[in-house]
Amino acid sequence: MNETNDPRQPQVWVTGATGLIGGLVVQTSARFAAGWIVRPTTRRQFDLADSRSMAACFHQERPSAVIHCGAVSRPVDCEREPGLARRINVDGTRFLAELAAEIPLIFLSSDMVFDGRKGGYRETDAVNPMSVYAETKIEGEQLILKNPRHAVVRTSLNYGASATGNRSFNEEMMTAWQAGKTLSFFTDEFRCPIPAVVTSRVLWELLNQGATGLYHVAGSERLSRWDIAECVARRHPGISAPRTAVSRVAYQGPPRPADTSLNSSRVQALLPFPLPRFSEWMADAS
Ligand SMILES: NC(=O)c1ccc[n+]([C@@H]2O[C@H](COP(=O)([O-])OP(=O)(O)OC[C@H]3O[C@@H](n4cnc5c(N)ncnc54)[C@H](OP(=O)(O)O)[C@@H]3O)[C@@H](O)[C@H]2O)c1
C-alpha cells in the first residue's frame, strides 16, 4: 500500500476497505496509485450511517479524492433490511458526496440496476430496478451524477479473494462445495463477470485520468451462471464441485434479472489494457 506520510502527496480515501473490491483497491494501489497516499477507511474510522463521525474524520484528514466501495452489497441483506440498505447505500453516499463536493469521488454501482430483459446494456440504457439493492444503487447513482466532478462505475459479478474469505461469489460457492453441498446454476441467466483485481485497476485508471460520469466496468464475455460456475470449478481442480444445470423457467423465488450483461466499450476506450474475457482469464490464472 502506498501510504507514506508525505504531506505534499494527495490522500485518497478508499471506503469499504474490509470488503472484496475495497480491499483489492487498497492492495493494488502499490502498482497503480503512484502519487497517492492511500487511506483505507472502515467502521473503525466511521460508520457510513453516522454523518457526524464521517464529517469529523473528513475535516481532519482532508482527502483529495474518494473511491467509495462501502455498501450493503448483498441483495439478500437489502431485502431483509431495506431501512439499513437505504441508510448506507443512499444516505451514507449522500453524506460522503456532500463532503467530497469539491474533489473527485468514484461510486460503485451494479449491473443489477437493469431489469435484464435486454442484455448488452450501455450507459445510455434505461434502468429498471427489480430489488431493494437495485433501488438503492440507482438513487446513489442519481445523487452522485449531479456533481460533474464525480463518477459512477457499474460493475458485474466480481471474482476474487477477500480478506475475510466470505465476500465474493466464488468464495460463497467454494464454501458450499467444501461443505459437500450440490449447487444449482441457471443456464439461461447471464452476466459479464470480472476479476476484482481488474475492477480495482480500472478504478485507479479512472481516478488518475480524472474521469467523470457513468461507466460500465465488466468482463468482455457474456456467460451464463452455469458457465461461470464451470470456470470456477476448473480453476480449483482439487475440490469436488457437485453442480446441477437448471433453467429459470422453473424458478419460483424473488424476481431476478435474466441478462444484465454490460457493454463496457465506453470505459474500454480509456484503458491501456483490454478488459478480459472471464473464461480466458480464469484459465490463464490457473
Ligand atoms: N462484488 C461484486 O460482485 C459487486 C458487483 C456489483 C457491484 N458491487 C458494488 O461494489 C461495491 C463494493 O462491493 P464489495 O463486493 O467489495 O462489497 P463487500 O465485500 O460486501 O464490502 C462492503 C464494505 O462496506 C463496508 N460497510 C458496510 N456497511 C458499513 C457501514 N455501516 N459503515 C462502514 N462500512 C460499512 C463493509 O464493512 P464490514 O466489513 O465492516 O462489514 C465492507 O468493507 C459495493 O457498492 C457493491 O454494491 C459489487
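Structure: above.
Since the model is a prediction, treat every value here as computed from it, not as a measurement.

What's the story with the site of the ligand in this structure? I'm lost.
Every one of the 25 residues lining the ligand counts as a neighbour, but Thr-18, Ser-73, Tyr-133, Lys-137 and Arg-167 are closest to it. Contact distances for the ligand include 2.9 Å between a nitrogen atom and a backbone N or O atom of Leu-48. At 2.6 Å, a side-chain N or O of Lys-137 approaches an oxygen atom of the ligand. Coverage of the ligand by the protein amounts to 88% of the 900 Å² it exposes when considered alone. Of all elements in the fold, only helix H1 (20–32), strand S4 (105–110) and helix H5 (132–144) reach the threshold of two or more residues within the shell around the ligand. In terms of residue count, S4 provides more of the shell around the ligand than any other element does, 3 residues in total. In terms of residue class, the shell around the ligand is built from 11 nonpolar, 10 polar and 4 charged.

What should I look at first to understand the pairing of S4 in this one?
On any regular strand, side chains alternate: one points to one face of the sheet, the next to the other face. For S4, the tally of buried residues reaches 6 of 6 residues, placing the bulk of the element in the interior. Bridge count for strand S3 (residues 65–68) against S4 is 3 bridges, and the pairing is parallel. Each residue of the ladder has a partner; that of Val-66, found in S4, is Leu-105. Note: S4 against strand S5 (residues 150–155), 6 bridges, orientation parallel. Considered in S5, the bridge of Leu-105 is made with His-150. Between the parallel pair S4 and S5, the chain is carried across by H5, and the sense of this crossover is right-handed.

Where do I start with the side chain of Glu-230 in this structure?
Inspection of the secondary structure assignment puts Glu-230 in helix H8 (residues 225–235). Residue classification places Glu-230 among the buried residues on the basis of a relative accessible area of 17%. A distance of 2.6 Å separates a polar atom in the side chain of Glu-230 from a polar atom in the side chain of Arg-243.

When you look at the nonpolar core in this model, what are you seeing that I'm missing?
A general trend in soluble globular proteins is that nonpolar side chains are found buried together. Judged by nonpolar contacts, the single largest core of 34 residues is most densely connected at Ile-67, Val-202 and Trp-204. If you list the elements that add at least two residues to this core, you get strand S1 (11–15), H1, S3, S4, S5, helix H7 (196–209) and strand S10 (213–217). The element contributing the most residues to this core is H7, with 7 residues. Counting 25 residues, the second largest nonpolar core, distinct from the first, contains Met-54, Ala-97, Tyr-133 and Val-152.

Even after reading the chapter, I still don't get unusual backbone geometry, so can you show me in this structure?
Trans peptide bonds make up most of the peptide bonds, and negative phi angles are found at most residues other than glycine. For Arg-62, which is not glycine, the phi dihedral falls at a positive 45°. Position of Arg-62 relative to the elements: it lies in the loop between helix H2 (51–61) and S3. The class of Arg-62 is exposed, set by a relative accessible area of 58%.

Looking at this structure, I do not really get the pattern of salt bridges. What am I missing?
When their charged atoms lie close together, side chains carrying opposite charge are able to pair. All chains considered together, the criterion is met by 19 salt bridges. Linking Asp-91 and Arg-94 is a salt bridge whose minimum nitrogen-to-oxygen distance equals 3.1 Å. Of this pair, Asp-91 and Arg-94 both sit in helix H4 (residues 82–99), separated by 3 residues, roughly a single helical turn. With its nearest N and O atoms 2.9 Å apart, the salt bridge here joins Arg-222 to Asp-259. Taken together, the residues Arg-222 in the loop between S10 and strand S11 (223–224) and Asp-259 in the loop between strand S12 (243–246) and helix H9 (265–268) connect sequence positions 37 residues apart.

Where do I start with the packing of aromatic side chains in this structure?
Working definition: an aromatic ring pair is given by the centre-to-centre distance plus the angle between the planes. Within the structure shown, the criterion is met by 8 aromatic pairs. Relative to Phe-58, the ring of Trp-13 lies with its centre 5.4 Å away and its plane at 85°, an arrangement referred to as edge-to-face. Of this pair, Trp-13 sits in strand S1 while Phe-58 sits in helix H2, and the two are 45 residues apart along the sequence. The class for Trp-13 is buried, based on a relative accessible area of 0%. Both rings, one in Tyr-159 and one in Trp-281, keep their centres 6.1 Å apart while their planes meet at 70°; by these two values the pair is edge-to-face. With Tyr-159 in strand S6 (residues 158–159) and Trp-281 in helix H10 (residues 278–285), this pair connects stretches of sequence that are 122 residues apart. Accessibility expressed as a relative area gives 26% for Trp-281, which makes it partly exposed. Aromatic rings pair up to connect Tyr-159, Phe-169, Phe-278 and Trp-281 into one cluster. The residue whose ring lies beneath Arg-201 is Phe-273, and the NZ or CZ to ring-centre distance is 3.9 Å. Between Arg-266 and the ring centre of Tyr-215, over which it is positioned, the NZ or CZ distance is 4.4 Å.

Thresholds, definitions, all that
- Residues numbered from 1 in each chain as written.
- Predicted model: local features only at pLDDT ≥ 70, side-chain atom pairs only at ≥ 80, totals over all residues.
- Heavy atoms only, no water.
- Near = heavy atom within 4 Å.
- Polar contact = N/O pair within 3.5 Å; in protein donor to acceptor, adjacent residues only side chain to side chain.
- Areas by Shrake-Rupley, 256 points an atom, 1.4 Å probe, with all protein chains shown as cover.
- Helix = DSSP H or I, 4+ residues; strand = E, 2+ residues; numbered from the N terminus.
- Nonpolar A, V, L, I, M, F, W, Y, C, P; charged D, E, K, R; others polar.
- Buried < 20%, exposed > 50% of the residue type's maximum accessible area, 1.4 Å probe, protein only.
- Pairing = 2+ DSSP bridges.
- Right-handed = clockwise from strand over helix to strand, strands pointing away.
- Core = buried A, V, L, I, M, F, W, Y, C linked by side-chain atoms within 4.5 Å.
- Salt bridge = Lys/Arg side-chain N within 4 Å of Asp/Glu carboxyl O.
- Phe/Tyr/Trp six-rings, centres within 6.5 Å; stacked < 30°, edge-to-face > 60°.
- Lys NZ or Arg CZ within 6 Å of the ring centre and 35° of its normal.

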